[in-house]
Each structure stands twice: as structure tokens, then as C-alpha cells.
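# Observations on chain architecture
The chain contents come next:
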Amino acid sequence: MKIKFRSINIAEILFLLSWTILMAGKGMGYSATDIIYRNISWAAIAFALMKVLITQYDRHELIACILLNLLGILVWIFSGGTTVLMTMVIITSMKGVDYKYVFKISLWIRGFMFVVRTSLAIMGILDDQHMSFYLNGGIRIRYALGFGHPNATHFNLFVVVVLCVLVYHYKLKTYHYLALFLYNIYIFRYTDSRAGFLMTALFIGVSFLASRKYIGKFMWDVVARVANKAFIVTSAASIIVSVLFWKVDILRSWGTFSSRFGTAIYVMENNLVNLFGTRGISTDLGMVYFMYADGILFFMLFMLGYYILLKKYTKQSDIYFLLACCCYAVYCLSEAYADSILMNVTLLAFGQLLYCSQRDEEIGRQKRLP
């Protein structure tokens with residue numbers, strides 16, 4: 001499989017420079033706590049803003065662009081995190097950029113760097129960052145393989161698999177899906193990330209079934225009805241379960257996952273939900289973290305945006321994108337990545353949704369992946 005390059009203008013080059021820098025930084029295993037990655041992020045933001053400055057917008061697009069970036073800045077000021085700002089800058093800089101082409105570039109950068117980074121760690125050439133845990137009277141050793149934490153490693157694999165299916169689903173055969181599943185097992189042997197393994201396996205499985213003619217038709221009838229409500233349902237479930245955590249015994253018997261609900265209820269009892277987020281929020285229950293750390297305004301905008309976006313994709317009969325969003329909605333119950341455009345790559349589609357003029361719709365149709 002080869003990347004088929006097409007002619008691009010200066011504005012698109014600036015955007016792709018910004019995005020490539022970010023993808024490379026994530027591919028090398030850097031996180032927001034690393035100084036190098038913070039510098040990379042600001043450089044990427046600078047390129048994206050340069051792209052915004054040389055792009056022509058109509059009045060409504062300009063107002064939306066200003067308001068969204070202002071929201072990102074306010075969340076940054078109140079919460080201290082740059083994730084929302086980064087997401088807003090990337091989305092608002094995507095006018096005239098085909099996000100499906102960005103998916104393809106992302107896959108080749110992220111996929112290549114993931115395989116290389118983890119392989120070097122497994123061979124002992126780079127630090128394998130192993131962690132030891134006491135579980136059921138024994139020692140459980142998990143390996144981060146260069147990504148800081150085993151759970152982050154497996155989430156990165158999930159991102160690569162999602163990109164692979166979204167870009168090349170029309171070419172994937174049974175043996176491709178089998179290879180992805182076996183690689184998932186291989187990485188799981190080191191990360192021991194149960195949620196990561198299960199969600200990656202689930203996405204591979206449902207994508208394979210969707211590719212089968214008759215099963216795919218049945219799946220479409222189900223997915224089309226529920227996809228646009230996926231994030232709303234999982235967010236409501238995480239909040240309700242957290243509230244019931246100390247009242248229902250079975251919730252406290254879910255092993256290590258129950259600790260996420262414990263930390264979530266602590267956050268809910270000791271913090272107020274603010275408009276633009278709060279500093280110092282610490283919980284691995286993704287959607288609760290999202291609501292408190294990023295603020296209720298961005299949280300509600302996120303829910304509304306996905307509801308509208310997935311309604312649109314239902315009309316376009318894009319089952320693979322709907323399946324990816326549904327799996328993200330479930331996976332982000334346990335990992336706080338829903339708001340990060342670098343980890344939740346389906347957020348790239350909001351660039352097309354934001355600039356949904358007739359001209360951009362025509363561009364989108366003309367640039368279908370080969």
C-alpha cells in the first residue's frame with residue numbers, strides 16, 4: 001500500500017506541518033508532562049494559526065473560529081491544560097483540508113512510529129518503562145514500551161487500528177483483520193491493559209463483521225439508531241455509576257476498574273462543575289474528568305457536536321466511522337482522551353462539519369480516498 005500524494009497549497013502545507021509535528025511527538029511517546037512535547041505543541045499551534053491567518057472565511061465562519069479558539073484559551077487559563085486549546089486550533093484550521101487525507105497521513109506516521117517505538121523497547125534498545133503491581137497476592141509486571149504508561153500504549157495501538165480501518169476498510173481482507181487481532185494480543189502480552197485489549201479487539205471484530213455483506217446490513221440498522229447518542233449514554237452512565245458507587249456493593253467488586261469510580265466520586269464531592277474547567281482534577285474515569293477538568297461549556301458543546309456529526313454520518317451510511325465513535329465513547333469511560341484530537345482522531349471530522357459550505361462538500365466528494 002502506498003500513499004498517493006496530491007497537489008496541495010501553502011495553507012494545507014502549514015496545516016500538515018502542524019499535524020505532522022503533533023503526530024510525530026505522540027508517535028515518539030511524549031505526553032503533556034514532557035517539556036519537549038510542550039514545545040512541539042506550541043510550534044504546531046503556531047503553524048496552525050498561520051494557516052488560519054492566510055485562509056479566507058465568511059463572516060459566520062470567522063465568528064465560529066474566533067469563539068471556539070476563545071473557548072480553548074479560557075479552558076487553558078482556568079484548567080491549566082492545553083488539550084482543548086489544541087483541539088480547537090486544529091479543528092478551526094481545517095477549512096479546505098480533506099480530513100480523510102489527514103487520516104491517511106496520520107496512519108502512516110503514527111503506525112510506523114508505534115511499531116518502531118514498541119519494537120525498540122521490546123528489544124531493550126530503548127527504556128521499556130516497566131511497572132510492578134501487587135494483585136491477588138502476586139506481582140503483576142506491565143510494560144509501557146516507551147509511552148509512559150501501559151494503558152497509554154494500548155490506547156495508542158487502538159488509535160492506529162482505528163485509523164487503519166477508517167482509511168483502508170475497502171481493501172482489508174479477513175487475513176488483515178486477523179493480523180491486527182494477533183498484533184493486539186502481542187502488545188497485550190507486554191501492556192497487560194485489559195480495557196485496551198478488549199476495546200481494540202471489539203473494534204477489529206465489529207469492523208470485520210461490518211465488512212461482511214449480510215451481517216453488515218443488519219449491523220447498520222442497529223448502529224444507525226444508537227451511534228449519535230453514544231457519548232451521551234456513556235457520559236450519563238459514568239456519572240450515575242459514580243454516584244451509586246458507595247451504595248451498590250457490586251460496583252466495588254470490579255477489581256482495578258472500581259478504583260476509577262472511587263476517584264470519580266471524590267472529584268464530584270470535592271469540586272464544582274465550572275464553565276471553563278478546574279485545575280488539579282485527578283481521576284481516570286474519562287467522562288467525569290472531561291466534565292470537571294475542561295468545564296461544562298466545552299463538555300456540552302462536545303456532546304451536541306457529536307450528536308449532529310453522527311446524524312450526518314448516519315445519512316452518509318459510513319458505518320466504520322460510526323463504529324469508531326461508538327468504541328471511543330465506551331473506551332473513554334476508562335481513559336481521559338475523549339477531548340484530545342491527537343488521541344480521539346474522530347474529532348478531525350469536526351473540521352468538515354464546521355465548514356460545511358457547498359464548496360467544501362464538493363471538495364470532500366472529489367477527494368474520496370482511492
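Structure's up top.
The residue numbers shown here count from 1 along each chain, following its written sequence. In view of the model being predicted, local features appear only for residues whose pLDDT reaches at least 70, and side-chain atom pairs are presented and counted only at 80 or more, with totals across whole chains, interfaces and linings using the full set of residues. As a convention, hydrogens and water are excluded, and side-chain values are obtained from all of the structure's heavy atoms.

## Quick look at the overall build of the chain
The condition is simple: Numbering of helices and strands runs from the N terminus, with a helix taken as a DSSP run of H or I at least four residues long and a strand as a DSSP run of E at least two residues long. With a 1.4 Å probe rolled over the protein chains alone, any residue whose accessible area is under 20% of its type maximum counts as buried; one over 50% counts as exposed, and the rest are partly exposed. In this analysis, two residues are considered to be in contact whenever any of their non-hydrogen atoms come within 4.5 Å of each other. For every accessible area listed, the method is Shrake-Rupley and the probe measures 1.4 Å; residues are considered covered only by the protein chains on display.
For the chain, the count of helices and strands is 16 helices and two strands. Every one of the 370 residues in the chain was classed for burial, and the buried ones make up 52%. For the chain, restricting intrachain contacts to residue pairs at least 6 apart in sequence, the fraction spanning at least 24 positions comes to 68%. About 17400 Å² of surface is accessible on the chain, with carbon and sulfur atoms providing 67% of the total.

## Digging into the packing of helix α5 (residues 99–122) against helix α7 (residues 174–191)
Where we set the bar: A fitted line through C-alpha atoms represents every axis, and for helices the fit uses only the stretch in contact; the resulting angles, taken between N-to-C directions, go from 0 to 180 degrees. Put simply, angles under 35 degrees are roughly parallel, angles over 145 are roughly antiparallel, angles from 65 to 115 are roughly perpendicular, and the rest are oblique. Handedness of a crossing is defined here by the sense of rotation of the near helix relative to the far one, left-handed for an anticlockwise turn of less than a right angle and right-handed for a clockwise turn.
Where α5 contacts α7, the axes come no closer than 12 Å and their chain directions differ by 40°. By the criterion of interaxial angle, the relationship of α5 to α7 is oblique. In the crossing of α5 with α7, the sense of the turn from one axis to the other is left-handed. On the side of α5, the interface is formed by Phe114, Val115, Thr118 and Ile122, while α7 contributes Tyr183, Tyr186, Ile187 and Tyr190.

## Some points on helix α10 (residues 230–244)
For clarity, the cut-off: Expected helix span is given by 1.5 Å per residue-to-residue step, counting one fewer step than there are residues. It is the directions from the helix axis to the C-beta atoms whose arc is reported.
Taking 1.5 Å of rise per residue, 15 residues should cover 21 Å, and α10 covers 21 Å from first to last C-alpha, within 8% of that figure. Taken together, the buried positions of α10 are occupied by Ala230, Phe231, Thr234, Ser235, Ser238, Val241 and Ser242. Take α10 and look down its axis: the buried residues cluster within an arc of 140°, on one side only.

## Quick notes on the layout of surface pockets
Our working definition: The rule is simple: put a 1 Å grid over the protein atoms alone, call a set of points where a 1.4 Å probe fits but cannot get out a cavity, call an open set with protein on both sides within 12 Å along at least five of seven lines a pocket, and count a residue as lining if it has an atom within 4 Å of a point. Grid points are joined across faces, edges and corners, and a volume is the space filled by probe spheres set on the points. As a working rule, the residues Ala, Val, Leu, Ile, Met, Phe, Trp, Tyr, Cys and Pro are called nonpolar, Asp, Glu, Lys and Arg charged, and the rest polar, with Gly in that last group.
There is about 400 Å³ of room inside the second largest pocket. Lining the second largest pocket are 17 residues, with Leu107, Gly111, Val160, Cys164 and Leu180 positioned closest to its centre. Those elements that place two or more of their residues in the lining of the second largest pocket are α5, α6 (150–168) and α7. Residue contributions to the lining of the second largest pocket peak at six residues, all from α5. Among the residues making up the lining of the second largest pocket, the classes are represented as 15 nonpolar, two polar and no charged.

## Considerations on the side chain of serine 193
Locating serine 193 in the fold gives a position in the loop between α7 and α8 (194–211). With sequence-adjacent residues up to four places away left out, serine 193 is seen in contact with Arg142, Pro150, Asn151, His154 and Phe188.

## Here's the deal with the packing of α7 against α8
Each pair of packed helices can be described by the angle between their axes along with the distance between the axes. The N-to-C vectors of α7 and α8 enclose an angle of 175°; their axes lie 10 Å apart at closest approach. Judged on the interaxial angle alone, α8 and α7 are roughly antiparallel. In this structure, α7 contributes Thr174, Tyr177, Leu180, Phe181, Asn184, Ile185 and Phe188 to the contact, and α8 contributes Arg194, Gly196, Phe197, Thr200, Ala201, Ile204, Ser207, Phe208 and Ser211. Of the residues in the contact of α7 with α8, the class split is nine nonpolar, six polar and one charged.

## Some words on unusual backbone geometry
Unusually for a residue other than glycine, leucine 145 sits at a positive phi of about 55°. By the element assignment, leucine 145 lies in the loop between β2 (138–143) and α6. One non-glycine residue, aspartate 192, adopts positive backbone phi at about 50°. Tracing the chain through its elements places aspartate 192 in the loop between α7 and α8.

## Considering α6
Between the first and last C-alpha of α6 there are 27 Å, a value that for 19 residues agrees with the 27 Å anticipated at 1.5 Å per step. Within α6, 19 of the 19 residues are buried, which leaves the element mostly enclosed by the surrounding structure.

## Focus on the pattern of salt bridges
In plain terms, the rule: Salt bridges are identified by distance alone: a Lys or Arg side-chain nitrogen within 4 Å of an Asp or Glu carboxyl oxygen.
Applying the stated criterion across every chain, the model contains one salt bridge. In this structure, lysine 95 and glutamate 61 form a salt bridge, with 2.6 Å as the shortest nitrogen-oxygen distance. Taken as a pair, lysine 95 in the loop between α4 (83–92) and α5 and glutamate 61 in helix α3 (residues 59–79) lie far apart in primary sequence, 34 residues in all. An identical accessibility class is assigned to lysine 95 and glutamate 61; each is buried.

## Observations regarding the nonpolar core
Our working definition: What makes a nonpolar core is a set of buried Ala, Val, Leu, Ile, Met, Phe, Trp, Tyr and Cys residues whose side-chain atoms join them at distances within 4.5 Å.
Residues Trp19 and Leu348 are the most contacted members of the largest nonpolar core, which totals 110 residues. Top element by residues in this core is α6. It accounts for 14 residues. Residues in contact with leucine 348, not counting those within four places in the same chain, are Trp19, Ile90, Met94, Tyr99, Val102, Phe103 and Ile341.

## Quick notes on the environment of methionine 268
Position of methionine 268 relative to the elements: it lies in helix α11 (residues 258–270). Between the alpha carbons of methionine 268 and serine 242 there is a distance of 8.6 Å; along the sequence they are 26 residues apart. Once residues within four sequence positions are removed from consideration, methionine 268 is found in contact with Ile239, Ser242, Val243, Val288 and Tyr292.

## Brief notes about the packing of aromatic side chains
Short version of the rule: We call Phe, Tyr and Trp rings a pair once their centres come within 6.5 Å, taking the six-membered ring for Trp, and we label the pair stacked below 30 degrees between planes, edge-to-face above 60, and tilted otherwise. Lysine and arginine charges are scored as sitting over a ring when NZ or CZ, respectively, is within 6 Å of the ring centre and within 35 degrees of the ring normal.
Tallied over the entire structure, the rule returns 28 aromatic pairs. Between phenylalanine 231 and phenylalanine 302, the ring centres sit 5.1 Å apart and the planes meet at 90°, which makes this aromatic pair edge-to-face. A residue pair is termed long-range when its members are at least 10 positions apart, and phenylalanine 231 in helix α10 and phenylalanine 302 in helix α13 (residues 296–315) qualify at 71 residues. Each of the two residues, phenylalanine 231 as well as phenylalanine 302, counts as buried. Judged by centre distance (4.1 Å) and plane angle (20°), the rings of tyrosine 313 and phenylalanine 321 are stacked. By relative accessible area, tyrosine 313 is classed as buried at 3%. Judged by its relative accessible area of 1%, phenylalanine 321 falls in the buried class. An aromatic cluster of at least three residues, connected via ring pairs, comprises Phe231, Phe290, Phe298, Phe299, Phe302, Tyr306 and Phe350. Above the ring of tyrosine 37, the side-chain terminus of lysine 26 is found at 5.2 Å from the ring centroid.

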